[in-house]
Amino acid sequence: MQNSTQVKLLKSAMILGICLLICGHLVLAATFASDSIGHQGFILGAALSAFGVVLSLPTKIYLTLVLMEHEEGSDKRFTRSADGQALGSKSRAHLRTATEYDAKRLAELAERTFRDTFAADNSAADMDQHCASQYSEAIQRDEINDPNRLTLLAIIDAQIVGFAQLRWGQTPACVSAKSAAEIQRLYVDKPWHGKGVAQDLMQTALAKLNQRGHDVVWLGVWEHNPRAIAFYRKLGFTDVGEHLFQLGNDPQRDILMAMPLLETA
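Attention here is on the structure that accompanies the text. (Residues numbered from 1 in each chain as written. Predicted model: local features only at pLDDT ≥ 70, side-chain atom pairs only at ≥ 80, totals over all residues. Heavy atoms only, no water.)

Glancing now at the pairing of strand β7 (residues 250–260). Taken residue by residue, a regular strand's side chains alternate between the two faces of the sheet. Sheet analysis places strand β5 (residues 216–222) next to β7, joined by seven bridges and oriented antiparallel. Of the residues in β7, the one forming a bridge with Val216 is Pro260. (Pairing = 2+ DSSP bridges. Helix = DSSP H or I, 4+ residues; strand = E, 2+ residues; numbered from the N terminus.)

Dropping the structure here:
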């Protein structure tokens, strides 16, 4: 069966199930409101509701899986969990590409990790303004679907514990490259710090950029974030310049770092 036909049938079945569920509730409401209907009304209402639930809920779940499988097969950027696991080696996280269905959870994690990293050194007003402009569900959905971006998720026990967002198309003048790409964000939830998740995200990100044919990867890191700077320098990144990062009403200095990408098997 063609994917489009299958999706249409699943959607029709789900809508029918919802209609049966609504009808069942209406019959039950009418039965409770009138003594003349009798126990047949309860039986009919319960049966319609039961059939509605059975028809709509499993169908919705299966439809979601079908749509995700279709997206995996049609999007050349997509990294399946097994592929991400093969690229990573230091943690038990499964790495995969984000889909729009992950937007809400990703937005929550992105804001939480950003606040965990920078809230102690910045004003609450600047943090609130920045997070409101960067980490809504709608913004994350748009970034996930952007063809010039790739968002990788680290999953442990069905929870997103870290993510990396890559993008290409805009390169600062201080980065010398034929085809550069940026690691725009890379964050790991606090309980998973020091457990290899960040290394696996970075390793998988670099492998994906290599596969795309980029020859240099670059990133910006706040000058007052020594932990991140040390992490990137250990990987081989070197300072190449700086730029302005506007955090709310506070203009801050980011160090720009870059590293050549080597061909890997």
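This part covers the pattern of salt bridges. Taken as a whole, this structure holds 14 salt bridges when the rule is applied. The closest approach of N and O atoms between Asp189 and Arg112, which form a salt bridge, is 3.0 Å. A residue pair is termed long-range when its members are at least 10 positions apart, and Asp189 in the loop between β4 (180–188) and α7 (197–212) and Arg112 in helix α4 (residues 103–118) qualify at 77 residues. Judged by relative accessible area, which is 11%, Asp189 ranks as buried. Classification of Arg112 as partly exposed rests on a relative accessible area of 37%. Among the salt bridges present, the one from Arg141 reaches Glu137, with a minimum N-O distance of 2.7 Å. Of this pair, Arg141 and Glu137 both sit in helix α6 (residues 137–145), four residues apart, which is roughly one turn of the helix. (Salt bridge = Lys/Arg side-chain N within 4 Å of Asp/Glu carboxyl O. Buried < 20%, exposed > 50% of the residue type's maximum accessible area, 1.4 Å probe, protein only.)

With that settled, the discussion passes to the packing of α7 against helix α8 (residues 226–235). Between α7 and α8, the shortest axis-to-axis distance is 12 Å and the interhelical angle comes to 50°. Relative to α8, α7 is oriented oblique. Crossing of α7 against α8: the hand is right-handed. When α7 is examined against α8, the residues Ala198, Gln199 and Met202 are found in contact with a partner set consisting of Phe231, Tyr232 and Leu235. Residue classes in the contact of α7 with α8 are distributed as five nonpolar, one polar and no charged. (Axes fitted to C-alpha atoms, helices over the stretch in contact; angles between N-to-C directions. Parallel < 35°, antiparallel > 145°, perpendicular 65-115°, else oblique. Left-handed = near helix turned anticlockwise from the far one by under 90°. Contact = heavy atoms within 4.5 Å. Nonpolar A, V, L, I, M, F, W, Y, C, P; charged D, E, K, R; others polar.)

Next up on the list: unusual backbone geometry. If you check the backbone angles, Asp157 has positive phi at about 55° while not being a glycine. With respect to the helices, strands and loops of the structure, Asp157 is situated in the loop between β2 (149–156) and β3 (159–168). Here Ala158, not a glycine, exhibits a phi torsion of approximately 70°, which is positive. Summarising the element assignment, Ala158 is placed in the loop between β2 and β3.

Moving on to the packing of aromatic side chains. Applying the stated criterion across every chain, the model contains seven aromatic pairs. Where Tyr232 meets Phe237, the ring centres are 5.7 Å apart and the plane angle is 70°; that geometry is what we call edge-to-face. The exposure class of Phe237 is buried, given its relative accessible area of 2%. Across from the ring centre of Trp192, 5.0 Å away, lies the NZ or CZ of Lys195, which sits over that ring. The ring of Trp168 carries Arg212 above its face, with NZ or CZ at 3.8 Å from the centroid. (Phe/Tyr/Trp six-rings, centres within 6.5 Å; stacked < 30°, edge-to-face > 60°. Lys NZ or Arg CZ within 6 Å of the ring centre and 35° of its normal.)

What follows deals with the sheet that holds strand β6 (residues 238–247). Pairing is mixed across the open sheet formed by seven strands, whose spatial order is β1-β2-β3-β4-β5-β7-β6. Across the chains shown, the open sheet's two edge strands, defined by having one partner strand only, are β1 (94–97) and β6. Sheet twist, expressed as the mean angle between neighbouring strand axes with direction ignored, is 30°. For β4 and β5, the ladder comprises three bridges, and the chain directions are parallel. Bridge assignment links Ala180 to a residue of β5, and that residue is Val216. Packing against the sheet, α6 makes contact with β2, β3 and β4, and its axis sits at approximately 140° to β4. The strands touched by α7 are β1, β2, β3, β4, β5 and β7; relative to β4, the strand with the most contacts, the crossing angle is about 160°.

On their own, these measurements won't tell you what the molecule is for.
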